[in-house]
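# Observations on chain architecture
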Amino acid sequence: MKKLLIPLMVIMAGAVFILLGQPESYAAGKISIEQKTYDLYVKGNHLYTKNGREYAIILDEEIFDFKIYDIDYDGDEEILILTRHETGECGKDLIICDTEKAGGTIFAKEIYRQDFSAGRPWKVDACNLDNDGRADIFIGVYKDTVFYKDVKKRPFFYSWDGDRLHKKWLGSFFTDWDLVDITFGDYYNLGYDVAAVLERNQDDKRIGFYQFIGFGFENMKTIDSGDPSFPSQLKLLFEK
Ligand SMILES: [Ca+2]
Ligand SMILES: [Ca+2]
């Protein structure tokens, strides 16, 4: 028995080596089109789906961040992409893509593009803040504003009318704590989404929940770092 054990261990070590040596690809969620769901992958800054066992590229452009969202509420999801800036440090253009099916897989078909490179964008997201029939699009930028000269992460919101973006709320900040990350969901069963914001003040962190009230956002709740639920909420909302 002992003689067999060593070659087996060598084979297993080899298998682990092969697995670790594979080109990097990351499962990146799903997209649903015409009642069919496609798995998405990110590999070498490109977005892929799979056709059988083969990776099929969705868009011929490097991505920095993306969000799958049904921006016209017709049941088929679209892809919002923040393209990668040449420096690799931030995003460049926001592209909104419809999808086309061909040969059992899908391709992105650009329907809108806007250059956000001056704002050094770091995140794209989409949500329903107010049930007004228009999807709300979040672009996190890294800049100063007219009134606040320090360069930091700032929350910009646009609404999508089916053809183009309209400025909705180009905020300087939610509070005097720094914006670290943001995500959206109907966490309070209100029938619309609220913002969950990870905020930082020097070494301290907290999660603030904010709802849109027409001319800005209002705080609904804050979970401080000392709250027993803080670690689980942090994991659930921001480390998914
Ligand atoms: Ca749609
Ligand atoms: Ca809206």
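Residues numbered from 1 in each chain as written. Chains lettered and ligands numbered in written order. Predicted model: local features only at pLDDT ≥ 70, side-chain atom pairs only at ≥ 80, totals over all residues. Heavy atoms only, no water.

A few words on the overall build of the chain. Helix and strand counts for the chain come out as two helices and 16 strands. When the backbone C-alpha atoms are referred to their principal axes, the chain occupies close to 70 × 50 × 40 Å. Counting over 240 residues, the chain shows a buried share of 42%. For the chain, the exposed surface amounts to about 13,900 Å²; the carbon and sulfur share of it is 52%. Treating the 30 positive side-chain charges of the chain as one cloud and the 41 negative ones as another, the clouds have centres 6 Å apart. (Helix = DSSP H or I, 4+ residues; strand = E, 2+ residues; numbered from the N terminus. Buried < 20%, exposed > 50% of the residue type's maximum accessible area, 1.4 Å probe, protein only. Areas by Shrake-Rupley, 256 points an atom, 1.4 Å probe, with all protein chains shown as cover. Lys, Arg positive; Asp, Glu negative; His and termini not counted. Charge placed at Lys NZ, Arg CZ, Asp CG, Glu CD.)

Here we come to the side chain of T183. Structurally, T183 is set in strand β13 (residues 178-185). Residue classification places T183 among the buried positions, given a relative accessible area of 6%. Contact partners of T183, with chain neighbours within four places excluded, come to D125, V194, A195, A196, L237, F238 and K240. (Contact = heavy atoms within 4.5 Å.)

Once that is clear, we can look at the domain arrangement of the chain. Split by domain assignment, the chain resolves into domain 1 (63-173) and domain 2 (177-240). Look at where the C-alpha atoms of domain 1 and domain 2 centre, and you get two points 20 Å apart. Taken together, the contact between domain 1 and domain 2 spans 17 residues of the former and 14 residues of the latter. By the criterion of area lost to domain 2, the three top residues of domain 1 are L129, K153 and W169, representing 37% of everything that side buries. (Domains from an automatic or database assignment. Buried area = accessible area lost by both parts, 1.4 Å probe.)

Angles between donor atoms at a metal ideally measure 109.5 degrees for a four-coordinate tetrahedral arrangement and either 90 or 180 degrees for a six-coordinate octahedral one. Looking at the calcium ion (ligand 1), one finds its protein donor set to be D70 (OD), D72 (OD), D74 (OD), D76 (O), E78 (OE) and E78 (OE), positioned 2.1 to 2.6 Å from the metal centre. Spacing between the donor residues of the calcium ion (ligand 1) along the chain follows D-x1-D-x1-D-x1-D-x1-E. (Donors = N, O, S within 2.8 Å, 3.2 Å for Na, K, Ca; no water.)

Take the sheet that holds strand β3 (residues 46-51) next. Across the sheet, which stays open at both edges, the four strands sit in the order β1-β2-β3-β4 with antiparallel pairing between neighbours. In this open sheet, the two edge strands, each paired with only one partner strand, are β1 (26-33) and β4 (54-57). For this sheet, the mean inter-axis angle between neighbouring strands, taken without regard to orientation, is 40°. Relative to β4, β3 is paired through four bridges, and the arrangement is antiparallel. In the strand pairing of β4, Y48 is matched with I57. (Pairing = 2+ DSSP bridges. Axes fitted to C-alpha atoms, helices over the stretch in contact; angles between N-to-C directions.)

What follows is about the coordination of the calcium ion (ligand 2). Bound to the calcium ion (ligand 2) on the protein side are D130 (OD), D132 (OD), R134 (O), D136 (OD) and D136 (OD), at distances that span 2.3 to 2.7 Å. Considered as a linear motif, the donors of the calcium ion (ligand 2) on their single chain read D-x1-D-x1-R-x1-D. Classification of R134 by relative accessible area gives partly exposed; the value is 35%.

Here we take up the pattern of salt bridges. For side chains bearing opposite charge, pairing can occur when the charged atoms are close. In this structure the tally under the stated criterion is 14 salt bridges. Across the pair K67 and D125 runs a salt bridge, and its minimum N-O distance is 3.4 Å. In this pair, K67 is assigned in strand β5 (residues 63-69) and D125 in strand β9 (residues 123-127), connecting sequence segments 58 residues apart. A relative accessible area of 25% places K67 in the partly exposed class. For D125, a relative accessible area of 5% gives the class buried. Where K168 meets D132, a salt bridge forms, and the shortest distance between an N and an O atom there is 3.9 Å. Highlighted residues: K168 in strand β12 (residues 165-170) and D132 in the loop between β9 and β10 (136-143), separated in sequence by 36 residues. Judged by its relative accessible area of 22%, K168 falls in the partly exposed class. We classify D132 as partly exposed; its relative accessible area is 41%. (Salt bridge = Lys/Arg side-chain N within 4 Å of Asp/Glu carboxyl O.)

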